[in-house]
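# Inside the fold
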Amino acid sequence: MTYKPKKVDIIFSPYSVAPYHILKETIKRTKEEVITELIESGLRGRGGAGFPTGFKWKLAAEEKSNTKYIICNADEGEPGTFKDRKLLVEVPRKVISGMAICAWLTGANLGFIYIRREYKYLIPELKKEIEVFKQHAKQINLNFEIQIFIGAGAYVCGEETALIESMEGKRGEPRNKPPYPITKGYLGKPTIVNNVETFASASMVCRYGAKEYKKLGTQDQHGSKLFSISGDSTKEGVHELELGMTLEAFVDEFGDSNTKAVQVGGVSGFCIPRKDFKNAIIGIGNTTGSSTMIFNSSRSMYKVLCNYLEFYAEESCGQCTPCRVGCQQLLNGLKAVKKGEKPAKYLDQLLKLAETMKITSKCGLGQSVTNSFSSIVTNFKEEMIY
Amino acid sequence: MVKETDLILELAEKFGKERKSLLPILNGIIDKNNYLSKDAMLEVARVLEISAAEVYGTASFYSFMETNETGKYVVRVCKSIICDMKGKEEILNTIESVLKLKIGETSQDKRFTLLETNCLGLCAEGPSMLINDNCYTQLSEQKVREILQNYIKHDI
């Protein structure tokens, strides 16, 4: 083994400066300077879609509107992901600082932390931190209020437009894009929706500067990122790692030396088999999400895939046909092949269906079913049949 | 059980009588009464001046918004893949035998409802479950028995 995963300790390092020091220092600079810094850092959204954060905030700042909103997306529902929970418990100040810096840059006066109902037990502590923030915002004359909005149990609400629908008191059904929330979001006003980790990372970029931040990672991939590691691992938990690492190095560090496959990016990501560990780089491109679930050779990949498909069939919002019917048909078809009711080559038809869903589904949920489906069916075909 | 009309009025005053207050109001009812009765949904529709179908349609979208009467304690066992790998099935069997309930059922004395749920974000500490809004992790058969006994005996 040549390259060990480099652990980083930025995001979870204990507070080393006075409360909201980073925020106070940042707003002494010019807005142009800070936005340029964020863009140069190469920071991308940490929710899964990976849109460049500095650029998003720049666009939001340019929107001409007296009312703008900021939403911190803490509807962490992707199976195998739990980093946002840890962030809100351990370093909420870094998250709130990121929101406040975003508010200062874009001119938003109201922000929400959209937290999933499953995490309701985190709210009392979070409220205390918001009170602390209030005092500091007053000191620096920052007109920005933060409220908590509680979800009600729906995976699809992690999708930004579904989240907004839900905040408007409706079913969490994704909207057509464009218009993007940045121009027409919550109550029709420009709205910046970012993941919890994105806000925390943005405040870290402001603290250390783009130059320092970019020293992390490899030549092509800058920065660090949180990985939620679970399954057949000796070190389950949230780990901050530099970007650009191969899956092989990752598995050497975190696997149980019997790793058969790793699901990267959660259920909506890809399942990578052992033979491809050498070439797969985690945390980028196809594998942007945080969830990394490790399976050892005792696991049935058929059972794993059935579990995923049951999840999808349940969480599909039902609004568009390819996703609503597709998820059910993939599950039924897979079971039929296993039982011998359908021939093995029926799997090819199911793969085609999954591809069709990718092209025709309205939102990321239906579009990404094919990622795990195709990667598991293709790489573990025998397990699907026998 | 809190009187619903008073509760709904109080919630509507707090959050505002607008459509955007629908989820906070419904969540507020769930906090107190654990489920949304037909009367509660009709009352919310009346107060917010929207159709009752809109209220029910919205509520039925979300897994925490039960529209059937539930017990005082709703047990939600995580069924996502990692908790499943860590022995969720044994935990579920234990709960079923202690509470004498199957998934989806509510006890006759209206104290317990047993449900499954998707990922609770507690994978590294699985198997896991929620009882109302409290989370319990690293469950073993013995641990889950103790937790349930505590609820049965002490009416937490």
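Every value quoted in this text rests on a predicted model; they were computed, and no experiment measured them. (Residues numbered from 1 in each chain as written. Chains lettered and ligands numbered in written order. Predicted model: local features only at pLDDT ≥ 70, side-chain atom pairs only at ≥ 80, totals over all residues.)

A count of helices and strands for chain B gives seven helices and four strands. Order of helices (α) and strands (β) in chain B, N terminus to C terminus: α-α-α-α-β-α-α-β-β-β-α. Overall, the C-alpha framework of chain B stretches about 50 × 30 × 25 Å when taken along its three principal axes. Per-residue burial over chain B gives 44% buried out of 156 residues. Restricting the contact set of chain B to residue pairs at least 6 apart, pairs at least 24 apart contribute 60%. (Helix = DSSP H or I, 4+ residues; strand = E, 2+ residues; numbered from the N terminus. Buried ≥ 20, exposed ≤ 12 C-beta atoms within 10 Å, placed from the backbone. Contact = placed C-beta atoms within 7 Å.)

We now examine the interface of chain B and chain A. Each partner contributes residues to the interface: chain B has 29 residues there, and chain A has 35 residues. Within the residue set of the side of chain B that touches chain A, elements represented by two or more residues are helix H2 (22–33), helix H4 (52–59), helix H5 (81–85) and strand E4 (134–136) of chain B. It is H5(B) that provides the largest number of residues to the side of chain B that touches chain A, a total of four residues.

Core analysis: the biggest nonpolar cluster contains 158 residues, and Cys72(A), Val95(A), Met99(A), Cys102(A), Tyr114(A) and Leu26(B) have the highest contact counts within it. Contacts of Tyr114(A), omitting those with residues within four sequence positions, involve Ile71(A), Cys72(A), Asn73(A), Ala74(A), Asp75(A), Phe149(A), Gly151(A), Leu163(A) and Met167(A). (Core = buried A, V, L, I, M, F, W, Y, C linked by C-beta atoms within 7 Å.)

For any two helices packed against each other, one specifies the crossing angle of their axes together with the interaxial distance. All names here are of chain A. Viewed as axis vectors pointing N to C, helix H10 (residues 301–315) and helix H13 (residues 364–379) meet at an angle of 170°, and their least axial separation amounts to 10 Å. Between H10 and H13, the angle falls in the class roughly antiparallel. Taken together, the residues of H13 that come into contact with H10 (itself represented by Met301, Val304, Leu305, Tyr308, Tyr312 and Glu315) are Leu365, Val369, Ser372, Phe373 and Ile376. (Axes fitted to C-alpha atoms, helices over the stretch in contact; angles between N-to-C directions. Parallel < 35°, antiparallel > 145°, perpendicular 65-115°, else oblique.)

With that out of the way, let us pick up the confidence of the model for chain B. When pLDDT is averaged along chain B, the result is 96; 98% of the residues meet or exceed 70. Scoring the predicted complex yields pTM 0.96 and, for the interface, ipTM 0.96. (pLDDT = per-residue confidence, 0-100.)

Let's shift gears to helix H5 (residues 92–106) of chain A. Think of an α-helix as turning once every 3.6 residues; residues three or four places apart then point the same way. Here H5(A) spans 21 Å end to end across 15 residues, near enough to the 21 Å set by a 1.5 Å rise per residue. Once H5(A) ends, the next one or two residues include Gly107(A), with phi positive near 85°. (Expected span 1.5 Å × (residues − 1).)

Attention now goes to the domain arrangement of chain A. Residue and element names in this part refer to chain A. If you check the domain split of chain A, you get domain 1 (21–213), domain 2 (218–296) and domain 3 (301–385). Counting residues at the interface gives eight residues for domain 1 and eight residues for domain 3. For the side of domain 1 that touches domain 3, the residue count by class is five nonpolar, one polar and two charged. (Domains from an automatic or database assignment. Nonpolar A, V, L, I, M, F, W, Y, C, P; charged D, E, K, R; others polar.)

This next bit is on the sheet that holds strand E3 (residues 145–150) of chain A. All names here are of chain A. Strand order in the open sheet made by the four strands is E3-E2-E1-E4, with parallel pairing throughout. Of all strands in the sheet, those with a lone pairing partner are E3 and strand E4 (191–195), marking the two edges. In this sheet, adjacent strand axes meet at a mean angle of 20° when their direction is disregarded. The pairing of strand E1 (residues 69–74) with E4 spans five bridges and is classified as parallel. Across the sheet, asparagine 73 pairs through a bridge with asparagine 195, a residue of E4. Running at roughly 165° to E3, helix H6 (residues 123–139) makes contact with strand E2 (110–115) and E3 of the sheet. (Pairing = 2+ DSSP bridges.)

Here the focus is unusual backbone geometry. Residues and elements named next belong to chain A. Looking along the chain, the bond that leaves lysine 177 and enters proline 178 is cis, with omega of -5°. As for its position among the elements, proline 178 is in the loop between helix H7 (160–167) and E4. Cis geometry marks the peptide bond from proline 178 to proline 179, where omega comes out at 0°. Mapped onto the fold, proline 179 is located in the loop between H7 and E4.

Once that is clear, we can look at the environment of Asp348(A). All names here are of chain A. Mapping aspartate 348 onto the fold places it in helix H12 (residues 346–360). With 11 C-beta atoms counted inside 10 Å, the residue aspartate 348 sits in the exposed group. When the C-alpha positions of aspartate 348 and serine 374 are compared, they lie 9.7 Å apart, and in sequence the two are 26 residues distant.

Turning next to helix H2 (residues 31–41) of chain A. Residue and element names in this part refer to chain A. Buried within H2 we find Val34, Glu37, Leu38 and Ser41. Along the axis of H2, the buried positions cluster into a sector of 95°, meaning they face one direction only. Looking at the buried side of H2, the elements it contacts are helix H1 (21–26), helix H3 (53–62), H5 and helix H8 (196–214). Immediately beyond the C-terminal end of H2, within one or two residues, lies glycine 42, with a positive phi of roughly 75°. (Arc of directions from axis to C-beta.)

All right, on to the pairing of E3(A) then. Taken together, the six bridges between E2(A) and E3(A) define a ladder with parallel strand orientation. Bridging across to E3(A), Ile115(A) finds its partner in Ile150(A).

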